[in-house]
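Spelled out, the chains give:
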Amino acid sequence: MVGSIEVKSGNNMYSNGRVHNHNGLEDKLDELRQIIGKSNGDLLRIVCVGAGAWGSVFAALLQDSYGQFRDKVQIRIWRRSGRAVHRATAEHLFEVINSREDVLRRLIRRCAYLKYVEARLGDRTLYADEILKDGFCLNMIDTPLCPLKVVTNLQEAVWDADVVINGFPSTETREVFNEISKYWKERITVPIIISLAKGIEAELDPVPHIITPTQMINRATGVPVENILYLGGPNIASEIYNKEYANARICGSEKWRKPLAKFLRQPHFIVWDNSDLITHEVMGGLKNVYAIGAGIAAALTNESATSKSVYFAHCTSEMIFITYLLSEEPERLAGPLLADTYVTLLKGRNAWYGQMIAKGELSLDMGDSISGKGTIQGVSAVGAFYELLSQSSLNVLHPGENKPVAPVELCPILKTLYKILIKREQGPMAILQALRDENLNDPRDRIEIAQSHAFYRPSLLGQP
């Protein structure tokens with residue numbers, strides 16, 4: 001592996017302080033190469049486009065596991081060039097480097113340490129693509145990764161890639177893959193695309209429906225749906241790289257999800273497979289909506305456990321209500337959705353964003369792309385879900401008023417978040433006011449309404 005410290009002993013390789021067992025890794029790589037149709041001497045080319053926390057960690061996990069087989073696989077990551085690292089970030093990065101002996105030795109051996117000293121003193125400007133080569137993701141400075149092969153030319157990165165990982169947020173996916181499609185016009189082979197994006201967009205014509213990142217990719221590139229998959233789960237990127245036990249699901253066609261699940265699985269990162277692609281994508285976006293509200297409620301109540309539990313009861317009932325609109329078998333989604341929501345509330349960037357907004361340390365005028373954190377995908381998801389669920393064509397019967405209403409009228413937290421984040425008609429305190437409304441129904445009532453009515457709307461996911 002490029003820039004790693006390697007000491008071989010028996011069947012183990014020590015790389016950047018990590019222990020890899022060769023047993024099984026090369027076999028898994030050979031199996032995937034065979035399924036894809038790679039001949040001897042022809043590299044399996046894997047590239048991650050987008051270098052946020054999850055995209056960078058995903059590339060680093062692959063590099064740590066398979067980068068040693070240089071004659072069989074090439075693993076690279078693409079990010080835009082020209083993004084300068086702020087002086088304060090450079091100072092913090094210098095502290096991180098000096099706190100980790102393995103990282104410090106690696107940089108000294110690669111003759112790369114001096115530039116970080118100069119940046120700490122203000123004598124040099126570092127760039128995000130430059131530090132990524134040394135294993136530092138701008139959105140995750142406190143967690144050094146292995147050195148990565150970084151490409152800043154998008155055409156060079158993707159034109160002959162066999163597997164493309166989408167590490168961009170949903171709000172940027174369409175734009176990037178529209179650009180990528182220009183470089184694939186002459187392709188003979190069809191690439192495999194794994195999307196890590198959690199988020200949605202709403203379209204109202206010809207009927208209200210959701211557009212997910214994998215659908216955006218399909219529309220932009222023409223790559224068949226069977227070659228586009230989604231991977232997600234209840235996890236935090238930095239903790240996965242630090243080998244905290246985690247699991248995820250890769251969803252899509254059986255042809256690719258099963259071999260890819262096997263290829264991606266590691267002892268500390270268990271990857272299951274599932275056929276329900278679109279629904280899992282949508283659920284990944286839904287939990288981000290309510291994570292922002294959880295952060296607001298926590299900050300305004302000084303982390304009151306009671307207040308957070310009240311919020312959790314209402315937000316989960318709204319999410320369950322929404323799943324009954326989206327899925328014919330919503331009970332199958334309850335476990336994955338709640339697990340993903342739980343970890344996001346504990347340590348996700350969307351909950352953090354809600355806290356910062358409530359404390360006044362961030363302003364809505366700063367937008368949803370935050371330095372050091374990346375894109376807060378829950379903001380756009382609030383707008384999309386509200387717009388979608390406010391359509392009269394989706395009306396359901398209101399239990400108290402016994403009249404048809406748009407589904408969003410039964411989701412007071414979603415309505416309040418929309419007024420705070422999108423319309424900016426109310427301040428963060430409106431979340432607590434919504435929870436303390438004396439006319440607010442028991443969360444259980446909302447679930448019972450969903451369970452006792454034929455709510456399922458297949459058209460929301462583009463199904464007939």
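Residues numbered from 1 in each chain as written. Predicted model: local features only at pLDDT ≥ 70, side-chain atom pairs only at ≥ 80, totals over all residues. Heavy atoms only, no water.

Chemist: Honestly, the overall build of the chain in this entry has me stumped. Any pointers?
Modeler: Looking only at helices and strands, the chain features 19 helices and 17 strands. Relative to a compact globule of 464 residues, whose C-alpha radius of gyration would be 23 Å, the chain shows 23 Å and is just as compact. Expressed as lengths along the three principal axes of its C-alpha atoms, the size of the chain is roughly 70 × 50 × 40 Å. Taking all 464 residues of the chain together, the buried fraction comes to 56%. (Helix = DSSP H or I, 4+ residues; strand = E, 2+ residues; numbered from the N terminus. Rg over C-alpha atoms; globule rule 2.2 N^0.38 Å. Buried < 20%, exposed > 50% of the residue type's maximum accessible area, 1.4 Å probe, protein only.)

Chemist: What should I look at first to understand the sheet that holds strand S8 (residues 192-195) in this one?
Modeler: In a beta sheet, neighbouring strands are held together by backbone hydrogen bonds and run either parallel or antiparallel to one another. Strand order in the open sheet formed by eight strands is S6-S5-S4-S7-S8-S11-S12-S13, with mixed pairing between adjacent strands. This sheet does not close on itself; its edge strands, each paired only once, are strand S6 (150-151) and strand S13 (269-274). The pairing of strand S7 (residues 163-166) with S8 spans four bridges and is parallel. Of the residues in S8, the one forming a bridge with Asn166 is Ser195. Together, strand S4 (44-49), S7 and S8 form the strand contacts of helix H8 (residues 170-183), whose direction differs from that of S7 by roughly 155°. (Pairing = 2+ DSSP bridges. Contact = heavy atoms within 4.5 Å. Axes fitted to C-alpha atoms, helices over the stretch in contact; angles between N-to-C directions.)

Chemist: Can you walk me through helix H15 (residues 349-359) in this structure?
Modeler: Because each turn of an α-helix spans 3.6 residues, side chains separated by three or four positions end up pointing in the same direction. Burial within H15 is extensive, with eight of its 11 residues counted as buried. All of the buried residues in H15 are Asn350, Ala351, Tyr353, Gly354, Gln355, Met356, Ile357 and Ala358. Summarising the contacts, the buried residues of H15 are in contact with helix H12 (277-300), helix H14 (334-347), strand S14 (369-370), helix H16 (377-389) and helix H17 (412-422). One or two positions beyond H15, positive phi appears at Gly360, with a value near 80°.

Chemist: Would you take a moment to explain the packing of helix H13 (residues 305-326) against H14 for this structure?
Modeler: Between two packed helices, both the angle of their axes relative to each other and the distance between the axes serve to describe the pair. For the pair H13 and H14, interaxial distance at closest approach is 12 Å and the crossing angle is 140°. As the angle between them shows, H13 and H14 are arranged oblique. H14 is crossed by H13, and the crossing has right-handed handedness. Contacts between H13 and H14 involve Phe312, Thr316, Met319 and Thr323 from the former and Leu337, Leu338, Thr341 and Leu345 from the latter. Looking at the contact of H13 with H14 residue by residue, the class counts come to five nonpolar, three polar and no charged. (Parallel < 35°, antiparallel > 145°, perpendicular 65-115°, else oblique. Left-handed = near helix turned anticlockwise from the far one by under 90°. Nonpolar A, V, L, I, M, F, W, Y, C, P; charged D, E, K, R; others polar.)

Chemist: What exactly am I supposed to notice about the nonpolar core here?
Modeler: The tendency in soluble globular proteins is for nonpolar side chains to be buried as a group. Core analysis: the largest hydrophobic core is formed by 62 residues, its most contacted members being Tyr290, Tyr353 and Phe385. For this core, the elements supplying multiple residues, two or more each, are H12, H13, H15, H16, H17, helix H18 (430-435) and helix H19 (443-452). Here this core gets 11 residues from one element, more than from any other, and that element is H12. Not counting residues up to four positions away in its chain, the partners in contact with Phe385 are Ile200, Ile210, Val282, Gly285, Leu286, Val289, Ile322 and Leu414. (Core = buried A, V, L, I, M, F, W, Y, C linked by side-chain atoms within 4.5 Å.)

Chemist: Would you take a moment to explain the packing of aromatic side chains for this structure?
Modeler: Centre distance and the angle of the planes are the two values used to describe a pair of aromatic rings. Here the structure, examined in full by the defined rule, presents seven aromatic pairs. When the ring of Tyr116 is compared with that of Phe136, the centres are 5.7 Å apart and the planes differ by 70°; the resulting orientation is edge-to-face. Here the residue Tyr116 occupies a position in helix H5 (residues 113-120), and Phe136 occupies one in the loop between helix H6 (128-133) and S6, the gap between them amounting to 20 residues. Taken as a pair, Tyr116 and Phe136 share a single burial class, namely buried. Judged by centre distance (3.7 Å) and plane angle (5°), the rings of Tyr386 and Tyr418 are stacked. In this pair, Tyr386 is assigned in helix H16 and Tyr418 in helix H17, connecting sequence segments 32 residues apart. Using a relative accessible area of 18% as the deciding quantity, one classes Tyr418 as buried. (Phe/Tyr/Trp six-rings, centres within 6.5 Å; stacked < 30°, edge-to-face > 60°.)

Chemist: Can you help me understand the pairing of S7 in this one?
Modeler: Two faces make up the sheet, and in a regular strand the side chains alternate between them. Residues of S7 alternate between two faces, with Val163 and Ile165 on one and Val164 and Asn166 on the opposite face, all of them buried. For S4 and S7, the ladder comprises four bridges, and the chain directions are parallel. Looking at the pairing, Cys48 lines up with Ile165 of S7.

Chemist: Help me understand the pattern of salt bridges, please; the structure alone is not making it clear to me.
Modeler: Oppositely charged side chains may form a pair once their charged atoms are brought near each other. Following the criterion strictly, the structure yields 30 salt bridges and no others. Of the charged contacts, one joins Arg124 and Glu130 as a salt bridge, the two residues approaching to 2.7 Å between their closest N and O atoms. Judged by its relative accessible area of 14%, Glu130 is buried. The closest approach of N and O atoms between Glu239 and Lys347, which form a salt bridge, is 2.9 Å. Here Glu239, found in helix H10 (residues 237-241), pairs with Lys347, found in helix H14; they are 108 residues apart in sequence, far enough to count as distant. (Salt bridge = Lys/Arg side-chain N within 4 Å of Asp/Glu carboxyl O.)

Chemist: So what exactly am I meant to see when it comes to empty space enclosed by the protein here?
Modeler: In this approach, a probe sized like a water molecule rolls over the atoms, and the result shows the empty space that is left. If you walk through the whole model with that rule in mind, you get six cavities of 30 Å³ or more. The space that makes up the largest cavity amounts to roughly 150 Å³. Classifying every residue of the lining of the largest cavity gives seven nonpolar, four polar and three charged. (1 Å grid on protein atoms, 1.4 Å probe; cavity = no way out; pocket = protein on both sides within 12 Å on 5 of 7 lines; lining within 4 Å. Points joined across faces, edges and corners; volume = space filled by probe spheres on them.)

Chemist: Is there a simple way to explain the layout of surface pockets in this structure?
Modeler: As a volume, the second largest pocket reaches approximately 460 Å³. Taken together, 20 residues line the second largest pocket, and the ones lying closest to its centre are Glu409, Pro412, Lys415, Asp437 and Leu440. The set of elements that each furnish at least two residues to the lining of the second largest pocket consists of H17, H18 and H19. Looking at the lining of the second largest pocket residue by residue, the classes come out as seven nonpolar, six polar and seven charged.

Chemist: Teacher, can you tell me more about the UniProt feature "domain: Glycerol-3-phosphate dehydrogenase NAD-dependent C-terminal" (unreviewed entry) in the chain here?
Modeler: Per the UniProt record, "domain: Glycerol-3-phosphate dehydrogenase NAD-dependent C-terminal" (unreviewed entry) is annotated on residues 276-425. As a span, residues 276-425 carries 63% helix and 5% strand, and end to end its C-alpha atoms are 37 Å apart. (UniProt positions renumbered as here; feature names shortened; annotations may be inferred.)

Chemist: When you look at the UniProt feature "domain: Glycerol-3-phosphate dehydrogenase NAD-dependent N-terminal" (unreviewed entry) in the chain in this model, what are you seeing that I'm missing?
Modeler: Per the UniProt record, the feature "domain: Glycerol-3-phosphate dehydrogenase NAD-dependent N-terminal" (unreviewed entry) sits at residues 148-248. End C-alpha atoms of residues 148-248 are separated by 23 Å, and the span's content is 33% helix alongside 24% strand.

Chemist: What should I look at first to understand the side chain of His314 in this one?
Modeler: Here His314 lies in helix H13. The contacts of His314, once residues within four sequence positions are left out, are Ile413, Leu435, Leu440, Asn441, Pro443 and Arg446.

Chemist: So what exactly am I meant to see when it comes to the side chain of Asp162 here?
Modeler: Along the chain, the position of Asp162 falls in the loop between helix H7 (154-158) and S7. For Asp162, a relative accessible area of 10% translates into the label buried. In this structure the side chain of Asp162 is engaged in a polar contact, spanning 3.1 Å, whose partner is the side chain of Lys38. Aside from chain neighbours lying at most four places away, what touches Asp162 is Lys38, Leu43, Leu44, Arg45, Pro191 and Ile192. (Polar contact = N/O pair within 3.5 Å; in protein donor to acceptor, adjacent residues only side chain to side chain.)

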